[in-house]
Each structure stands twice: as structure tokens, then as C-alpha cells.
Amino acid sequence: MRPHLLALLAKEPAHGYELKQALEQTFGSAYPSPNIGQIYVTLGRLEKDGLVRAVDVEQSNRPNKKVYYLTAKGRESLEAWVDEPTEGPRVRDEFFMKLVLAPLTGIADRMALISRQRRHYLSLMSDLNDLLSSTAPTDRVAMLLIEGAMLHLQADLDWLERCQEDLA
Amino acid sequence: MSPVVKTVNLVKIYQDGAVPVPAVRGVDLQVEPGEFVAIMGPSGSGKSTLVHMLGGLDARTSGEIWLDGKRVDTLSESAWALLRRKKIGFVFQFFNLVANMTVGDNVELPALLAGASPKVARERRESLLAALNLTDRADAAPAQLSGGEQQRVALARALANEPSLLLADEPTGNLDSRNTRDVLRLLSEVHKQGQTIVMVTHDARVASLADRLVSLFDGEIVDDGRIARRRTRTAGEVIDLR
Ligand SMILES: Nc1ncnc2c1ncn2[C@@H]1O[C@H](COP(=O)(O)OP(=O)(O)O)[C@@H](O)[C@H]1O
Ligand SMILES: [Mg+2]
């Protein structure tokens, strides 16, 4: 979550709760509603590393609140995050490890593992179908995220078939 | 109630070449009324052969096929044709539309053949074309359509006689995402209305609408089980954003 908070702070200084709201507004239903505690912990670490600084703002009848802003070092770190290529598709897949290793254990055969995994993928896909139909078409960010997940799942399923042809 | 589809030790061996090819090797399959069954498996695993036999489009080598409690593998071709007209809709992998008829007539004809009145057949045609976003292609000839459009016409045609059993062989292979959405919506409706569906597909979105998945490998069923449905969650719970 570190670079995400830095990006929001690059736009304007904010306190923890405002950052939570900004994440929710930007990503709509596509983002797991961020936990406020986790946001404060992350902000604390960013502050310790000198990427953000906090000022206390007095409030009339409530405790002071901390408003965070980005430091020059924070901006550099954000720029590096934006500029670096993003991690590609998964190459180490937990299921694949099971598929290769399981027959050695004698616990399950590959055909059974593949079949079970295929049904599992379809049940995930059915969740995504439900999500897509309950997401407002105007929520572009959420729609694209769901479509992306569907395309990945389709690729996983196609790959499963390749594994079945070659290994089973 | 008897199952809509039942096969007993169904076998198909193609003997037209130099060496016999066993395409389906002892399939026992039972499909209950209203069930939506997806069939998946690698290329060459016998999926097309199996659904063709269920629709009487390919003769079995041995074993039994029962539809609605009646033995059908022994039927004559004309008896099969009658059965298909009345209660089976078939979507072929390669469309098989009638080339010298318009798109609209391709869809309307099966309803008329099944005995619907001209008025009802016309209504079916119009609602199916509209559901699949094909209304403005009604007067075109099949050859003038894109692959995705022909595929949707093939689905509309298969549904025109409101078949109690829809058999489909990869009915969404050529669709883009917008058209897939239309097809998915129509299929869910058909399923909700209680029609039985047996569908070969590689498309995970289509397959995930099914109640049950049958996996074929080398002409045999290697897996047959339900697709679990969970309560709807939010995207954040479903999609791991790391
Ligand atoms: N008309 C035919 N003559 C001879 N062999 C065939 C014929 N149709 C299919 N086959 C063979 O039968 C096997 C199963 O084919 P098919 O049912 O088309 O598989 P799928 O639809 O799963 O790709 C394959 O080995 C295929 O080459
Ligand atoms: Mg096929």
C-alpha cells in the first residue's frame, strides 16, 4: 500500500481517514475496503523512512489530527515506483508446484488435481460473473479490474488444459 | 421424472480411415431436466463426437442413448429429424446456416417446422434477434456476416423452436466481450426457464454459468461434478490485489 498512499499524498496533504476515503472513491467496489489501522501503520513506517512528514492540526473540540504530506524523498520514491516496469504474470504458481510434486507423495494423482482445480476456477469465474452484473457500468475502474481478473482466469484454465495434455 | 439425457457405455469408433479412431470410449452420462452441463476437455478428447451423437447427428458404434426416457440410438434418420425439430436445438461449432436464406428466415424456419403459428414464429425470431443484437442484420445473407454474428445467428436458430434440450458445440468461440455478454444473458434466461443445456465450451465465462462440469479426456469422462456457487462477495474479496 506504500506507493498508493504516496501517490494520493502527491496530490494533496491528507490525514489517515481522508486517505481511506480517497482509495474507496477511486477504486469503487474493485478495491478491498482498506483497513484504517493498516493505513496508520503504513503512514508511520513512511514517516520513519522520511518519505512523508506529519504536522499536528489543532481541532476545536477533538484531539489534534495528523496531516501528512510528501517529502522530496517521498516524491523520488513515488517517481521510481511509477517508472519501474511492473511485475509480469506469475511464473511460480502454487498449483503447478502441487501438480508436479503430488504424484511423488502418492496422495493424489494429477488427473484428479487438474479436474478439481478446473472446477475451482469455474466457481471463481462464477463469482466474477455475479460481480460484473452487480457493478454499475459507470464504475469503469471496477469493471476493468473484474474483466482483467476474468482474462487471467481464462488463461489459467487454458494452461490447465495444456498441463493435462502433457503431464496427465 | 426420467433424465433428459442418458447414455450407457456409449462408444464411437470412426472407421472411415486406414486405422480405426476410438473417439468416445464408454461414456455413462445422465442429465436431469433443467440442468445446465458444461463439457470441457482438450482438443480431440471427443467432445464434438459426444454431443453430435446426443443429437442424432453421428451414429454410435455401441452403447445406448436415451432421451426423455425413450431409447433413441436405434431410431431411423427420419425419426431423429422429427425429434430434433420438436425438442432439440443444436448449435454447431461451424454454424451450418442455410446460405441462400436471410438471417431472419434462418431463425424463423425451425419455429415453423416445429409447428408454431406464423405469428408466434415471427415473434420468436424478433425477440431472439433483438436479444443477440442482430435486429439490423435480419435481411442479410449469412455469408455477409462476421464469424461472431454467424455464431449468434446459429444460437438464435437453435433456440427458435424453444427446445427442451439445447446441445451446443463451442457456441462462443468467435465472440468479442460485448457479444459474449449478450450470449451469456440469453443462456442464463434459457436456463432459468428450465430448458436443459449440454454445452461444449472452452470459454470459462460460459462454462461458469453451468450447474455441473463434465471433463473429457481421451474419449472418457475423467471428472463429473458440480460447480460450487458461493454467496456474492465484493470485488475486493474476490480479486486479490496483493
Ligand atoms: N469424421 C471423423 N473421422 C475420423 N476421425 C474423426 C472424425 N471426427 C473426429 N475424429 C477423431 O475423433 C477424435 C475426437 O474428435 P472430436 O470429437 O472432434 O474431439 P473434440 O471435439 O474434443 O476436439 C479425434 O481424434 C478426431 O481426430
Ligand atoms: Mg470439437
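By the naming in an unreviewed UniProt entry, chain B is ABC transporter ATP-binding protein, taken from [Actinomadura] parvosata subsp. kistnae.

Per an unreviewed UniProt entry, the recorded name for chain A is PadR family transcriptional regulator, and the organism is Nonomuraea composti.

Asks: Got a minute to help me understand the domain arrangement of chain A in this structure?
Replies: Think of interface size as the accessible area that goes away when the parts come together; that is how it is often given. All names here are of chain A. What the domain assignment reports for chain A is domain 1 (2-83) and domain 2 (94-167). Once you take the C-alpha centre of each, domain 1 and domain 2 turn out to be 34 Å apart. If you look at the interface, domain 1 gives 5 residues, while domain 2 gives 5 residues. Summing the contributions of domain 1 and of domain 2, the shared interface buries around 330 Å²; its carbon and sulfur component is 61%. Run the count over domain 1 and domain 2 and you get 0 salt bridges. Taken together, the residues that form the side of domain 1 that touches domain 2 break down as 2 nonpolar, 3 polar and no charged.

Asks: How do you make sense of the sheet that holds strand E10 (residues 220-226) of chain B when you look at a structure like this?
Replies: Each strand in a sheet pairs with its neighbour through backbone hydrogen bonds, running either in the same direction (parallel) or in the opposite one (antiparallel). All names here are of chain B. Read across the sheet, 6 strands follow the order E6-E7-E8-E3-E9-E10 without closing on themselves; strand pairing throughout is mixed. Both outer strands of the open sheet, strand E6 (88-91) and E10, are each paired with one neighbouring strand and no more. Sheet twist, expressed as the mean angle between neighbouring strand axes with direction ignored, is 15°. Across the sheet, helix H1 (residues 47-54) lies against strand E3 (36-40), E6, strand E7 (165-169), strand E8 (196-200) and strand E9 (212-217), angled at about 150° from E7, the strand it touches most. With respect to the sheet, helix H5 (residues 147-159) is in contact with E6 and E7, its orientation differing from that of E6 by roughly 170°.

Asks: Before we go on, may I ask you to explain the interface of chain A and chain B in this structure?
Replies: With 31 residues of chain A at the contact, the number on the chain B side is 33 residues. Approximately 2,800 Å² of surface area, both sides summed, lies buried where chain A meets chain B, with 61% of it carried by carbon and sulfur atoms. By the criterion of area lost to chain B, the three top residues of chain A are A:Arg119, A:Leu122 and A:Asp127, representing 21% of everything that side buries. One can count 1 salt bridge joining chain A with chain B.

Asks: Even after reading the chapter, I still don't get unusual backbone geometry, so can you show me in this structure?
Replies: Leaving glycine aside, a negative phi is the common case for residues, and trans is the common case for peptide bonds. Residues and elements named next belong to chain B. Positioned with a positive phi, Asn 9 is a non-glycine residue whose angle comes to about 45°. Positionally, Asn 9 belongs in strand E1 (residues 5-14). Take Asn 9: its relative accessible area is 45%, and that puts it in the partly exposed class. Even without being glycine, Asp 218 reaches a positive phi, approximately 50°.

About the cut-offs
Residues numbered from 1 in each chain as written. Chains lettered and ligands numbered in written order. Predicted model: local features only at pLDDT ≥ 70, side-chain atom pairs only at ≥ 80, totals over all residues. Heavy atoms only, no water. Domains from an automatic or database assignment. Contact = heavy atoms within 4.5 Å. Buried area = accessible area lost by both parts, 1.4 Å probe. Salt bridge = Lys/Arg side-chain N within 4 Å of Asp/Glu carboxyl O. Nonpolar A, V, L, I, M, F, W, Y, C, P; charged D, E, K, R; others polar. Pairing = 2+ DSSP bridges. Helix = DSSP H or I, 4+ residues; strand = E, 2+ residues; numbered from the N terminus. Axes fitted to C-alpha atoms, helices over the stretch in contact; angles between N-to-C directions. Buried < 20%, exposed > 50% of the residue type's maximum accessible area, 1.4 Å probe, protein only.

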